[in-house]
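Structural overview
The chain contents come next:
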Amino acid sequence: MNTVTRPRILVVGAGFAGVECVRRLERRLSPGDAEITLVTPISYQLYLPLLPQVASGVLTPQSIALSLRRSTKYRTRIIPGGAIGVDLKAKVCVIRGITGRILNEPYDYIVLSPGSVTRTFDIPGLTDHAFGMKTLAEAAYIRDHVIAQLDLADASEDPDERASRLQFVVVGGGYAGTETAACLQRLTHAAVERYPRLDPGLIKWHLIDIAPKLMPELGEKLGRSAQEILTRRGIEISLGVSVAKAGPTEVTFTDGRVIPTRTLIWTAGVVASPLIATLGADTVRGRLAVTADMCVPGEDGVFALGDAAAVPDDAKGVEGAVCPPTAQHAMRQGRQVADNVIAMLTGRPLRPYHHKDLGLVVDLGGTDAVSKPLGVELRGLPAQVAARGYHWSALRTNVAKTRVMTNWLLNSIAGDDFVRTGFQARRPAKLRDFEYTDVYLTPEQVRAHVGEAGLSVR
């Protein structure tokens, strides 16, 4: 097949869904069958479920950042940047490169897997003073910040300053928030032994959530078990509560309490990437509406999956149910979309996505964990084995598996050195500084930009 006439397949996003899709396309299409392009601002796939362990120092950042360029056999062209708009009629994706340059990338088939961003609300001071836990940079920054609070509290003679630096607030009682609070509490509990001037009793962790239960997706019993574990460690859990106002040295809860703190970590859910709003297509609770085979209705050669798409969850047998934004669904959707793109190329029928959820695993650090693989409720060490075994097996490369296993063993034997890497020497960075949600175009801006470029569909 002539190179000029090769179909152009553009994949947006290098998360679980996007990377699985690209790898499948590479394996099943010859170089002459199609031109594959991946748009991503980072040159690695982030294993997101293990971010709390990076923040707590159990794992190094590199161990969960799986390079997209490690293998020489991969032929996908990588554009270093983020998609900020898509003109579905002109079949053009508008990309903001990592240098800030805007470029237009035409395509014949597009796979939209831009993922999600942290869900925020109109709470005074939230984006100015809260940290997120969605990116590798945020996890590394939070670790530096928490250790810096211990250092600064140890050096301070002001009791009020000490109190505010030694109280930590995590918002979000789901998977991410619970693990973040659990892992970071273990970090400060172990570190305080290196600070003889600090009273361990002054270190307080608060985990709050507006929901009435902790991790309701685990069920009543396991959710209660997780709450008991955290409470036993000294973490104060407040349910039915959220943040009313955030400031640089204190946080006000909706129940009226004012907590002196310099650390507010916001993990209260995610929403689909702002890219979805640029399409002008139908959405379901903010996620792009798609059919069971993950096609966007009424659009030729447009697929969407992962956190950004409302993929029907046929396995639940409930009308209107959509797949939750989890790694296990995203990985399998990526492979299925790749097969459907190939089927469309070759004129074969597309297959609907179907996967029965395998359950959840929650690593609370040490030997503490609660897991529900295949509906079996586990606690303690068996749950920890299941949690780490699942994460380890889900890592895409043997190099990553070796690094993670080595980190786990080394941390269990030698502990942590509580080293700061210097992030605190720069301007303080909070939630709004990491996810760049203000760079996306409106549908009108996308059409105007593409029209000015004078692009035509090949």
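As named in an unreviewed UniProt entry, the protein is NADH dehydrogenase, taken from Streptomyces prasinopilosus. The Sequence similarities (unreviewed entry) comment attached to the protein in UniProt states, word for word, "Belongs to the NADH dehydrogenase family."

Describing the side chain of D307
Turning to its location among the elements, D307 is positioned in the loop between β21 (302-304) and β22 (309-310). A polar contact is formed between the side chain of D307 and the side chain of S116, at a distance of 2.9 Å. Among residues more than four places away in sequence, those in contact with D307 are G115, S116, A272, R287, P325 and T326.

Considerations on the domain arrangement of the protein
Domain parsing of the protein yields domain 1 (8-118 + 271-357 + 435-453) and domain 2 (126-268 + 359-414). Taken over C-alpha atoms, the centre of domain 1 sits 30 Å from the centre of domain 2. If you look at the interface, domain 1 gives 37 residues, while domain 2 gives 31 residues. For the pair domain 1 and domain 2, the summed buried area comes to about 3000 Å², and 60% of that belongs to carbon and sulfur atoms. Considering only the side of domain 1, the residues that lose the most area to domain 2 are Y47, P52 and A55, jointly responsible for 17% of the buried surface there. Between the two partners, domain 1 and domain 2, sit 0 salt bridges. Secondary-structure elements contributing two or more residues to the side of domain 1 that touches domain 2 are α1 (16-28), β3 (44-46), α2 (51-55), β4 (65-67), β9 (116-118) and α8 (327-346). Considering every element that reaches the side of domain 1 that touches domain 2, the biggest residue donor is α2, with 5 residues.

Parameters at a glance
Residues numbered from 1 in each chain as written. Predicted model: local features only at pLDDT ≥ 70, side-chain atom pairs only at ≥ 80, totals over all residues. Heavy atoms only, no water. UniProt positions renumbered as here; feature names shortened; annotations may be inferred. Helix = DSSP H or I, 4+ residues; strand = E, 2+ residues; numbered from the N terminus. Polar contact = N/O pair within 3.5 Å; in protein donor to acceptor, adjacent residues only side chain to side chain. Contact = heavy atoms within 4.5 Å. Domains from an automatic or database assignment. Buried area = accessible area lost by both parts, 1.4 Å probe. Salt bridge = Lys/Arg side-chain N within 4 Å of Asp/Glu carboxyl O.

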